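Per-entry structural report
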Amino acid sequence: MRDGRSGESGSAGGRRARGELESGVLAVLWSAEEPLTARQVLERLPGDLAYTTVLTILSRLYDKAMLVRHPVGRGYAYAPVRDEASQTAVQMHSLLERGSDREAVLSRFVSELSQEDEQLLHRLLGGQDAGPGDDGP
Amino acid sequence: MTISVYIPLLVTIVLAVLAPRAARRPAPRAAAWALACTALVTAVGWLGSLALLAFTGFAQIPQVAEEGHWSAAALRTEDPVSLSVAAVSALALAAGLASLGVAAARQVRHVVWARRECGRMPGDMELAVIDDEVPQAFALPGAPGRIVVSRGMLRCLGDLEREALLAHERAHLRSRHHVFQAVWRLTAAANPLLRPLAGAGAFVLERWADEEAAARVGSRTVVARAVGRAALAAAGAARPAALAATGGAVPQRVRALLAPPPAPRTLPFVAGALLLTLCCGGLASAASDSENLVDSAERAQCAADAGAQGAADVGVRGVAWTGHRPQRPHDACCGHHGPGDQEGHRR
């Protein structure tokens, strides 16, 4: 599987990597309970990224109006723009409730679990799964 | 012809039974490609065989034979396809083609819908986060596709698991898994026997994306935990019952990820390739047999016509039926018999 990504270098690969980093940073901010500084975002991103890279991505996302920020110390703490009141969540529910017909084009991360599946999963994950513990601040 | 035309049908049945089972163990990327090839080749073989059976059966109906200027009797003696077999084949073929048409239209509608939905998701980047507690995550194909994840899903995963989730959905989009799904969906519409392939295919695509994610984050355990935790969180949330369709897939994925990576296997692929070759060979041979058969039936009819013509010439001259068919020496059609010749003869 690893050999499949050997062709990722070059400018297209660079662009792609940047897009992936933006996704990663946005996901970190959404998963956090409170606004995060660039340093905190860096700590939660796997792999060894440069601090300046994270700063660049944060300011780019801020420019796109995906984030809000407020000054903390000498820098900023960032949080995603919430849109709970917006139509998107409602839209997604109706989208997913359409049933198997529209499921046709979606690739869901996980499918429905039966009762036995649930027990089996608990057993398979065993001691490893103690809640989202490694996500704490 | 009598045997070879049934070979694609037989191969389809054998593969429809064996392929879904065989596909679960090998490396998922290869398995997905193999399943897609199997579905395509057997669907073509299936429809082709049905068409040939229907054609040879109906060609024996005297009215049809008269229209095509071949001898029904010659066809019947050389290739006895009973009318009932032909009728069943014709029905199956018509049903398959109609259902394929419906499925294709639906597929196009879905793709258009998904592309529009991609544009309506918040932001203009790869990841669209939905501000919602219900844990959800999916890939929406488009140009480019979007990864859609809810806040609830992101909150229930750890840092590495979150990366695994993104890598998994990214793998779906980047390897164009929706095209594979379309192939299985359409071929299953053309031939319902191929439905198990679609089911196995959906599972194999998830495994493929899991393996890509594992390679990306460098740990199979992390991906296993991400999949398991996400599924448990999603199961805990209130969910519409309409989606309860694919039970059992998640524990199998987790189990596969906790086990060592799948070893390369060649035997199922070689066996599958041989069967598919057999399917193509059978169809090609049946098609060429059928063509030869019609040719010889045409020659037989022509010879019979010429005989009748001779008799008619001796008796009453210039009977009406000679009007619509130019009088020709019979060697024009009954001897060497090129396509141009045939054309001239039929005019």
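Quick caveat: nothing in here was measured; it's all calculated off a predicted structure. (Residues numbered from 1 in each chain as written. Chains lettered and ligands numbered in written order. Predicted model: local features only at pLDDT ≥ 70, side-chain atom pairs only at ≥ 80, totals over all residues.)

Points about the pairing of strand β2 (residues 137-140) of chain B
All names here are of chain B.
- Residue alternation in β2 divides its side chains into two sets, Ala137 and Ala139 and Phe138 and Leu140, and both sets are buried.
- Judged from the four bridges that link them, β2 and strand β3 (residues 146-150) form a sheet pairing that is antiparallel. Paired with Phe138 across the two strands is Val148, which belongs to β3.
- Connecting β2 to the antiparallel partner β3 that follows it, the hairpin turn spans five residues. (Buried ≥ 20, exposed ≤ 12 C-beta atoms within 10 Å, placed from the backbone. Helix = DSSP H or I, 4+ residues; strand = E, 2+ residues; numbered from the N terminus. Pairing = 2+ DSSP bridges.)

Digging into the pairing of β3 of chain B
All names here are of chain B.
- Taken across its five residues, β3 has five buried, putting it largely inside the fold.
- Where burial is concerned, the two faces of β3 agree: the one with Arg146, Val148 and Ser150 and the one with Ile147 and Val149 are both buried.
- Taken together, the four bridges between strand β1 (residues 127-130) and β3 define a ladder with parallel strand orientation. Bridge pairing links Ile130 to Ser150 in β3.

Side note on the UniProt feature "transmembrane region" (unreviewed entry) in chain B
- Residues annotated in UniProt with the feature "transmembrane region" (unreviewed entry) correspond here to residues 6-23, 30-61 and 81-105 of chain B.
- Annotation note: span residues 81-105 of chain B, helix share 92%, strand share 0%, distance between end C-alpha atoms 34 Å. (UniProt positions renumbered as here; feature names shortened; annotations may be inferred.)

A few points about unusual backbone geometry
- A positive phi angle, near 65°, is found at Ala65 of chain A, a position not held by glycine.
- Residue position: Ala65 of chain A is located in the loop between α3 (51-63) and β2 (67-72).
- Residue class for Ala65 of chain A comes out exposed when judged on the 9 C-beta atoms lying within 10 Å of it.
- In this structure, His69 of chain B takes a positive phi of about 60° despite not being glycine.
- Relative to the helices and strands, His69 of chain B is located in the loop between α3 (62-68) and α4 (72-78).
- Residue His69 of chain B is classed as partly exposed on the basis of its C-beta count, with 16 C-beta atoms lying within 10 Å.

As for the packing of helix α2 (residues 28-58) of chain B against helix α5 (residues 83-120) of chain B
All names here are of chain B.
- At a minimum axis separation of 8 Å, α2 and α5 run at an interaxial angle of 140°. Between α2 and α5, the angle falls in the class oblique. At the point where α2 passes α5, the crossing takes the left-handed sense. Facing α2, whose interface residues are Leu47, Leu50, Ala51, Leu53, Ala54, Gly57 and Phe58, α5 presents Leu83, Val85, Ala86, Ser89, Ala90, Ala92, Leu93 and Gly96.
- Considering only residue class, the contact of α2 with α5 consists of 12 nonpolar, three polar and no charged. (Axes fitted to C-alpha atoms, helices over the stretch in contact; angles between N-to-C directions. Parallel < 35°, antiparallel > 145°, perpendicular 65-115°, else oblique. Left-handed = near helix turned anticlockwise from the far one by under 90°. Contact = placed C-beta atoms within 7 Å. Nonpolar A, V, L, I, M, F, W, Y, C, P; charged D, E, K, R; others polar.)

As for the sheet that holds β3 of chain B
- An order of β4(A)-β2(B)-β3(B)-β1(B) is seen for the four strands of this open sheet, with the pairing classed as mixed. With one partner strand each, in any of the chains shown, β4 (107-108) of chain A together with β1 of chain B form the two edges of the open sheet.

Looking at the confidence of the model for chain B
All names here are of chain B.
- Mean pLDDT over chain B stands at 82; residues scoring 70 or higher make up 85%.
- Here helix α14 (residues 339-346) stands out as the element of chain B with the lowest mean pLDDT, 43, in contrast to helix α8 (residues 177-190), whose mean of 94 is the highest.
- The low-confidence segment residues 239-247 (pLDDT under 50) makes 15 contacts with residues lying over four places distant or belonging to another chain.
- Taken as a whole, residues 317-332 scores under 50 in pLDDT and shows nine contacts with residues more than four places along the chain or in a different chain.
- If you check the scores for this complex, the pTM reads 0.82 and the ipTM reads 0.80. (pLDDT = per-residue confidence, 0-100.)

Re the nonpolar core
- By size, the foremost hydrophobic cluster in this structure holds 116 residues, and its most contacted members are Val25, Leu29 and Val41 of chain A together with Leu35, Leu197, Val223 and Ala230 of chain B.
- Looking at which domains feed residues into this core, each of domain 1 (2-80) and domain 2 (87-127) of chain A supplies at least three.
- Residues in contact with Leu197 of chain B, not counting those within four places in the same chain, are Ala16, Ala19, Pro20, Leu35, Thr38, Ala39, Trp184 and Ala188 of chain B.
- Core analysis: the next-biggest nonpolar cluster, separate from the first, contains seven residues, Ala59, Ala74, Val294 and Ala297 of chain B among them. (Core = buried A, V, L, I, M, F, W, Y, C linked by C-beta atoms within 7 Å. Domains from an automatic or database assignment.)

As for the UniProt feature "domain: Peptidase M48" (unreviewed entry) in chain B
- Mapped onto this structure's residue numbering, the UniProt feature "domain: Peptidase M48" (unreviewed entry) falls at residues 121-184 of chain B.
- Taken end to end, residues 121-184 of chain B has its terminal C-alpha atoms 28 Å apart, with 45% of it in helix and 20% in strand.

Focus: helix α1 (residues 7-22) of chain B
- With 16 residues, α1 of chain B extends 21 Å between its outermost C-alpha atoms, agreeing within 8% with the 22 Å of an ideal straight helix rising 1.5 Å per residue.
- Along α1 of chain B, the residues that are buried comprise Ile7, Pro8, Leu9, Val11, Thr12, Leu15, Ala16, Ala19, Pro20 and Ala22 of chain B. (Expected span 1.5 Å × (residues − 1).)

Re the packing of α5 of chain B against α8 of chain B
All names here are of chain B.
- Contact pair α5 / α8: the axes reach a minimum separation of 7 Å and the direction vectors enclose 150°. Taken together, α5 and α8 sit at an angle that is classed as roughly antiparallel. In terms of crossing hand, the pair formed by α5 and α8 is right-handed. Contacts between α5 and α8 involve Gly96, Ser99, Leu100, Ala103, Ala104 and Gln107 on the former and, on the latter, Ala182, Arg185, Leu186, Ala189 and Ala190.
- Along the lines of polarity and charge, the residues of the contact of α5 with α8 split into seven nonpolar, three polar and one charged.

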